[in-house]
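# An overview of the molecular structure
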2 protein chains.
Amino acid sequence: MSNEKITNNSVEQNQIKPYKKDAGYSYTLGAFPTYELIKTRPDKVLKILVDTSFTDRDNLRKLCEEKHIPLEFNNKLIAKISDKENCYVAGIFEKYDCKLNADRPHIVLVNPSNMGNLGTILRTAVGFGIYDIAIILPGADIYNPKTVRSSMGALFRLNFHHYENYDDYRREFNQHEVFTFMLNGENPLTLQDCPKGKLFSLVFGNEATGLDDSYLLVGTSIYIPQSPDVDSLNLTIAVGIGAYIFMNQK
Amino acid sequence: MSNEKITNNSVEQNQIKPYKKDAGYSYTLGAFPTYELIKTRPDKVLKILVDTSFTDRDNLRKLCEEKHIPLEFNNKLIAKISDKENCYVAGIFEKYDCKLNADRPHIVLVNPSNMGNLGTILRTAVGFGIYDIAIILPGADIYNPKTVRSSMGALFRLNFHHYENYDDYRREFNQHEVFTFMLNGENPLTLQDCPKGKLFSLVFGNEATGLDDSYLLVGTSIYIPQSPDVDSLNLTIAVGIGAYIFMNQK
């Protein structure tokens, strides 16, 4: 049987629409995240869509055949689900749940609001070896194609889980040493004095509001020293520096 | 004379248009960058525009009076120059040139292409105490309101200068120790072994292409250790980590 037919009724062409948050599936838009999806979560792929002008289509077809993933040339459908020009490949994948590892460091994002930031944070976390991400709701949609795209597909490399509140997260993982990043934190993040534990949770707040003062009490509160000439660091920068410093401690 | 009249003929209302790269002036859109503009570059402000529904208008009027800056209530004009909703304050400022300090550390951006990234980098640089930025052309427009907005007004706190090529920059500042950040750099950036000089240039390439191999030869090439599970770090994250580590060395 050819792998170029639609094989999953739930994504019949006439049902496929621009992304919706309450849909059971989402999209990778563009070659890079689509290849990442196929390589790392082949069991979640419902179908790969290819524009007839895509130059790497022979390699892609071969990869899909190896993984038993249906592939369809459909310029119209790609245009329909992507609002970007120059999108020649897209993947349709089932949303899925993950479980965080209890014996690995975590990043905990409390109410992240921007999908681009969230994707960049996922990419950065994986870059520095943190593969377990807790999100405290409400938060930006991790499955939205914008998040997926800005993660450069790193979403598929890691485990993420959503919690209704911080206490639910903490009850599940009570062995992690907790560090909360706050503008009014009590301890500077320094290159020399970084805590040496290997099992930690790095907790970051919302882009606009940060963490509220209750987070001063849930662990060791940390601030990243910065000039009074700026209001605050960008969230993604703060997470990048925190992750880099904690993961490179000796 | 009231400060609420138009006083500068070059920005007469009928000439004010959505931002153009070749115009002699640009805009701050939103309260935060506009206050930064007024506080740090009052001599460059041509006029402040205020929407009649802006809640902090009494404070803003007072500040403008102190600085002898004309202020105008003009809802229509704000809507015309900003494509965002919820923009209640805007500043019109003259573009200006700066000279970099010879005795301070620099960040050198080679062909930065994204205005949002450029603004975030400016904000981060100021946050970590680097106030001198060289841009090697071609590069994203530093005056574009998008750059200004994503810098949160940090643009006005620092010195920037454009160069046609890296050699022109280097001829002007030949005492700086040069560090080039490259995926194929020869030295890992580590917390323990960071170079100890205080007069340095941190050089970063374009978002998509990085620095070409010729930059292996212009100084000490550095890579930020990262997992093979990601293609590369986001440029703003790389700059943030580089700036933080170099500025916090002991």
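Residues numbered from 1 in each chain as written. Chains lettered and ligands numbered in written order. Predicted model: local features only at pLDDT ≥ 70, side-chain atom pairs only at ≥ 80, totals over all residues. Heavy atoms only, no water.

## What about the domain arrangement of chain A?
All names here are of chain A. We note that the domain assignment places domain 1 (13–94) and domain 2 (106–247) within chain A. For domain 1 versus domain 2, the separation of C-alpha centres amounts to 30 Å. For the pairing of domain 1 and domain 2, the buried interface totals around 1300 Å² over both sides, and the portion due to carbon and sulfur atoms is 60%. Taken together, domain 1 and domain 2 are joined by 1 salt bridge. For R157, the salt bridge goes to E36, with nearest N and O atoms at 2.9 Å. For the pair domain 1 and domain 2, the interface holds 6 residue pairs in polar contact (both at pLDDT 80 or more). The set of elements that each furnish at least two residues to the side of domain 1 that touches domain 2 consists of β1 (25–29) and α1 (31–40). (Domains from an automatic or database assignment. Buried area = accessible area lost by both parts, 1.4 Å probe. Salt bridge = Lys/Arg side-chain N within 4 Å of Asp/Glu carboxyl O. Polar contact = N/O pair within 3.5 Å; in protein donor to acceptor, adjacent residues only side chain to side chain. Helix = DSSP H or I, 4+ residues; strand = E, 2+ residues; numbered from the N terminus.)

## Concerning helix α7 (residues 235–247) of chain A
One full turn of an α-helix is made of 3.6 residues, so residues set three or four places apart face in the same direction. The first and last C-alpha atoms of α7(A) sit 18 Å apart over 13 residues, in line with the 18 Å expected at 1.5 Å per residue. For α7(A), the tally of buried residues reaches 12 of 13 residues, placing the bulk of the element in the interior. (Expected span 1.5 Å × (residues − 1). Buried < 20%, exposed > 50% of the residue type's maximum accessible area, 1.4 Å probe, protein only.)

## Here's the deal with the packing of aromatic side chains
Centre distance and the angle of the planes are the two values used to describe a pair of aromatic rings. One pass over the structure, following the stated rule, counts 26 aromatic pairs over all chains. With a centroid separation of 5.7 Å and an interplanar angle of 75°, the aromatic rings of Y143(B) and F160(B) are classed as edge-to-face. Pair noted here: Y143(B) is in the loop between β6 (132–136) and α5 (145–150) and F160(B) is in strand β7 (residues 159–163), with a separation of 17 residues, a long-range link. With a centroid separation of 6.2 Å and an interplanar angle of 65°, the aromatic rings of F181(B) and F246(B) are classed as edge-to-face. With F181(B) in strand β8 (residues 177–181) and F246(B) in helix α7 (residues 235–247), this residue pair connects regions lying 65 residues apart in the sequence. Owing to a relative accessible area of 1%, F246(B) belongs among the buried residues under this scheme. Each residue in the set Y163(A), Y166(A), Y169(A), F173(A) and Y215(A) is aromatic and connected to the rest through ring pairs, giving one cluster. (Phe/Tyr/Trp six-rings, centres within 6.5 Å; stacked < 30°, edge-to-face > 60°.)

## As for the side chain of T236(A)
For T236(A), the location among the structural elements is in helix α7. Looking at T236(A), its side chain comes within polar contact range of the side chain of N234(A), at 2.4 Å. The contact partners of T236(A), leaving out residues within four places of it in the chain, are N117(A), T120(A), I121(A) and I237(B). (Contact = heavy atoms within 4.5 Å.)

## Some words on the relation of the copies chain A and chain B
Comparison of the two chain copies shows a relationship of rotation about an axis with a shift along it. Superposing chain A onto chain B takes a rotation of 180° combined with a translation of 0.0 Å along the rotation axis, leaving an RMSD of 0.0 Å. Such values leave the two copies arranged in the relation of a two-fold axis. The share of interface residues of chain A whose copies in chain B are also at the interface is 100%, consistent with both copies meeting through the same surface. (Least-squares fit on C-alpha atoms with pLDDT ≥ 70 in both.)

## Structural notes on the sheet that holds β1(A)
Within a sheet, neighbouring strands are paired by backbone hydrogen bonds and run either parallel or antiparallel to one another. Residue and element names in this part refer to chain A. Here we have 4 strands laid out as an open sheet, ordered β1-β4-β2-β3, and mixed in their pairing. Each end of this open sheet is capped by a strand with a single partner; those strands are β1 and β3 (71–73). Each strand of the sheet is rotated relative to its neighbour by a mean of 20°, with strand direction disregarded. Bridge analysis of β1 against strand β4 (residues 89–94) gives 5 bridges, and the strand direction is antiparallel. By the bridge assignment, Y27 is partnered in β4 with I92. Sitting on the sheet, α1 touches β1, β2 (45–50) and β4, and the angle it makes with β4 is about 40°. (Pairing = 2+ DSSP bridges. Axes fitted to C-alpha atoms, helices over the stretch in contact; angles between N-to-C directions.)

## A word on the pattern of salt bridges
Opposite charge on two side chains lets them pair, provided their charged atoms get close. Under the counting rule described, the total for this entry stands at 14 salt bridges over all chains. For R171(B), the salt bridge identified is with D168(B), shortest N-O distance 2.6 Å. Here D168(B) and R171(B) lie together in helix α6 (residues 166–172), a separation of 3 residues that amounts to about one turn. The class for R171(B) is exposed, based on a relative accessible area of 59%. Via salt bridges that share partners, E36(A), R157(A) and D229(B) belong to a single interconnected network.

## A word on the sheet that holds strand β10 (residues 200–204) of chain A
All names here are of chain A. The parallel open sheet is built from 7 strands, whose spatial order is β7-β6-β5-β10-β8-β11-β9. For this open sheet the edge positions go to β7 (159–163) and β9 (187–188), each flanked by a neighbour on one side alone. The sheet contact formed by strand β5 (residues 106–110) and β10 spans 4 bridges and is parallel. In the strand pairing of β10, H106 is matched with S201.

## Comments concerning the interface of chain A and chain B
The partner chain B presents 35 residues to the 35 residues of chain A that form the contact. Taken together, both faces of the contact between chain A and chain B bury some 2900 Å²; the carbon and sulfur share is 61%. Counting the surface chain A buries against chain B, the share from its top three residues, L191(A), D229(A) and Y244(A), is 22%. Summed over the shared surface of chain A and chain B, the result is 2 salt bridges. Taking the shortest distance from any N to any O, the salt bridge between R157(B) and D229(A) comes out at 3.2 Å. Run the count over chain A and chain B and you get 14 residue pairs in polar contact (both at pLDDT 80 or more).

## Structural notes on the pairing of β7(B)
Residues and elements named next belong to chain B. Where β6 meets β7, 5 bridges bridge the pair, whose relative direction is parallel. Looking at β7, one finds that I133 is bridged to F160. This β-α-β element, β6 to α5 to β7, shows right-handed connectivity. (Right-handed = clockwise from strand over helix to strand, strands pointing away.)

## What about unusual backbone geometry?
All names here are of chain A. In this structure, the amide linkage connecting L137 to the following residue, P138, adopts the cis form with an omega of 0°. Examined against the element boundaries, P138 turns out to sit in the loop between β6 (132–136) and α5 (145–150). Non-glycine residue M152 carries a positive phi angle of around 55°. Here M152 shows up in the loop between α5 and β7.

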